[in-house]
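Coordinates in review
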Protein chains: 2
Amino acid sequence: MKDSNTKISYAIIRRLPRYRRYLNELRKKGVSKVSSNELSDLIGYTASQIRQDLNTFGGFGQQGYGYSVDHLYKEINKILGLDREYKTVVVGIGNLGQAITNYTYYYKIGFNIVGLFDINPKVVGLSFNGVTVRDFSELEEYVRKEKIDIGIICVNRENAQEVADALVSGGVEGIWNFAPVDLEIPDSVVIENVHLSESLHTLTFLIHNKDQEQ
Amino acid sequence: MKDSNTKISYAIIRRLPRYRRYLNELRKKGVSKVSSNELSDLIGYTASQIRQDLNTFGGFGQQGYGYSVDHLYKEINKILGLDREYKTVVVGIGNLGQAITNYTYYYKIGFNIVGLFDINPKVVGLSFNGVTVRDFSELEEYVRKEKIDIGIICVNRENAQEVADALVSGGVEGIWNFAPVDLEIPDSVVIENVHLSESLHTLTFLIHNKDQEQ
């Protein structure tokens, strides 16, 4: 991936998890082969877009045969970095933090939530899925000692930068941020933001625009 | 907006809530004017991109003056459909549903959560922020009678389509979907999906790619 010719655009990265989700459904149904046209019907992208996307990664299809569902699924897993385990902590164990913890615990293979952290004394000491909530003051040291890969930020916007700083100092590789703020982190750490507000406002835009067209 | 020349691309829609967020922060700080270069420093898009985006909506800037923060903020609100109220229901009052309910209740002006629904008898009858959880069987009739605008789906993937069907039959304008599944809804209803899994996999891709570059 060092060659700039093979630099993968952000748009493709955004589509790959979606390919993965549909391929996984096909696998579960026992489907072994799929064409770009069939994928197009399922996913809604054009067949040409799909072929172009998958070619970016070296082209897993064979002319007149289509794609091997299992092979393509596994290759996409590799590309997405899902062929390894991630040690993960969640910071901020309110409703959202609990929801994300449960979600990851029950549905996500490869993401081990080994630490939960909060600043609220009423929450510190409680257990969720067998993991006890620790005090926020222990976060940085814990991340360093346990070699945590991913920190998930579920605190409010006022505290999010402080949490990010502790995660970065402790040495995480990536941050999954749910706080509605753009965090300042060094280039050595990657970040993915889930800005709920922006998603909700996209919805109202679509509603508003629809109303105007009627 | 009926003219196809002024048809707004999905990419711009995605950026507008972000402009709005930064403009709101400037307003709170008492800043009255801002140039595209200053916006660029804040938001990270190029100044040329910003001018192009804002021109799409008629150009709110004046040469040599920049943009009026308050005016631009209000205009973006109008474009995003945030100058009106939305009657909203949340379906699925687990941790995620509670988190979204609290988030909307405390932080979002214009979104009135008037109904909460669940299928679990242990949850039906509980109250959150003064709203009592009703049984899912009442959803469709409630949506119709109360003229609900937006339905928020926080149930699991297995039940999400059934919930969407009830919301659509009841007459919602839009759906904010947190279930990890692509829902089938008529074109007359708009949908915005928050696919947490795809966001998480984007993060692992970025981590994986970073590791390869090192």
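Residues numbered from 1 in each chain as written. Chains lettered and ligands numbered in written order. Predicted model: local features only at pLDDT ≥ 70, side-chain atom pairs only at ≥ 80, totals over all residues. Heavy atoms only, no water.

A short note on the pattern of salt bridges
- Inspection of every chain in the model, using the stated rule, returns 28 salt bridges over all chains.
- Where Glu25 of chain A meets Arg157 of chain B, a salt bridge forms, and the shortest distance between an N and an O atom there is 2.7 Å. Here the residue Glu25 of chain A occupies a position in helix 1 (residues 10-28), and Arg157 of chain B occupies one in helix 7 (residues 157-170), the pair thus bridging two chains.
- When its relative accessible area of 23% is taken as the criterion, Glu25 of chain A is described as partly exposed.
- By relative accessible area, which is 33% here, Arg157 of chain B ends up partly exposed.
- Here Lys78 of chain A ties to Glu75 of chain A by a salt bridge, and the two come within 3.5 Å at their closest N and O atoms. With a gap of three residues between them, Lys78 of chain A and Glu75 of chain A both fall in helix 4 (residues 69-79), about one helical turn apart. (Salt bridge = Lys/Arg side-chain N within 4 Å of Asp/Glu carboxyl O. Helix = DSSP H or I, 4+ residues; strand = E, 2+ residues; numbered from the N terminus. Buried < 20%, exposed > 50% of the residue type's maximum accessible area, 1.4 Å probe, protein only.)

Concerning the relation of the copies chain B and chain A
- Rotating chain B by 180 degrees and translating it 0.0 Å along the rotation axis places it on chain A, where the RMSD comes to 0.0 Å. In symmetry terms, the pair is related by a two-fold rotation axis. Identified as the residue of chain B closest to the rotation axis by C-alpha distance is Asn95 of chain B, at 2.6 Å.
- By residue overlap, the copies meet face to face through one surface: 100% of the interface positions of chain B are interface positions in chain A. (Least-squares fit on C-alpha atoms with pLDDT ≥ 70 in both. Contact = heavy atoms within 4.5 Å.)

A short note on the sheet that holds strand 4 (residues 111-118) of chain A
Residue and element names in this part refer to chain A.
- Spatially, 5-6-4-3-7-8-9 is the arrangement adopted by the seven strands of the open sheet, whose pairing is mixed. Edge positions in the open sheet fall to strand 5 (127-128) and strand 9 (190-193), since each of these has one partner strand only.
- Lying over the sheet, helix 5 (residues 95-107) contacts strand 3 (86-91), strand 4, strand 5, strand 7 (150-153) and strand 8 (174-177), oriented at roughly 165 degrees with respect to strand 4.
- Sheet strands touched by helix 7 (residues 157-170): strand 3, strand 7 and strand 8. Its angle to strand 7, the strand with the most contacts, is close to 170 degrees. (Pairing = 2+ DSSP bridges. Axes fitted to C-alpha atoms, helices over the stretch in contact; angles between N-to-C directions.)

Section: the packing of helix 1 of chain A against helix 2 (residues 36-43) of chain A
Residues and elements named next belong to chain A.
- Direction vectors running N to C along helix 1 and helix 2 enclose 105 degrees, while the axes themselves pass 11 Å from each other. Our classification of the angle between helix 1 and helix 2 gives roughly perpendicular. For the pair helix 1 and helix 2, the contacting residues are Arg18, Tyr19, Tyr22, Leu23 and Leu26 in the first and Leu39, Leu42 and Ile43 in the second.
- A class-by-class count of the residues in the contact of helix 1 with helix 2 yields seven nonpolar, no polar and one charged. (Parallel < 35°, antiparallel > 145°, perpendicular 65-115°, else oblique. Nonpolar A, V, L, I, M, F, W, Y, C, P; charged D, E, K, R; others polar.)

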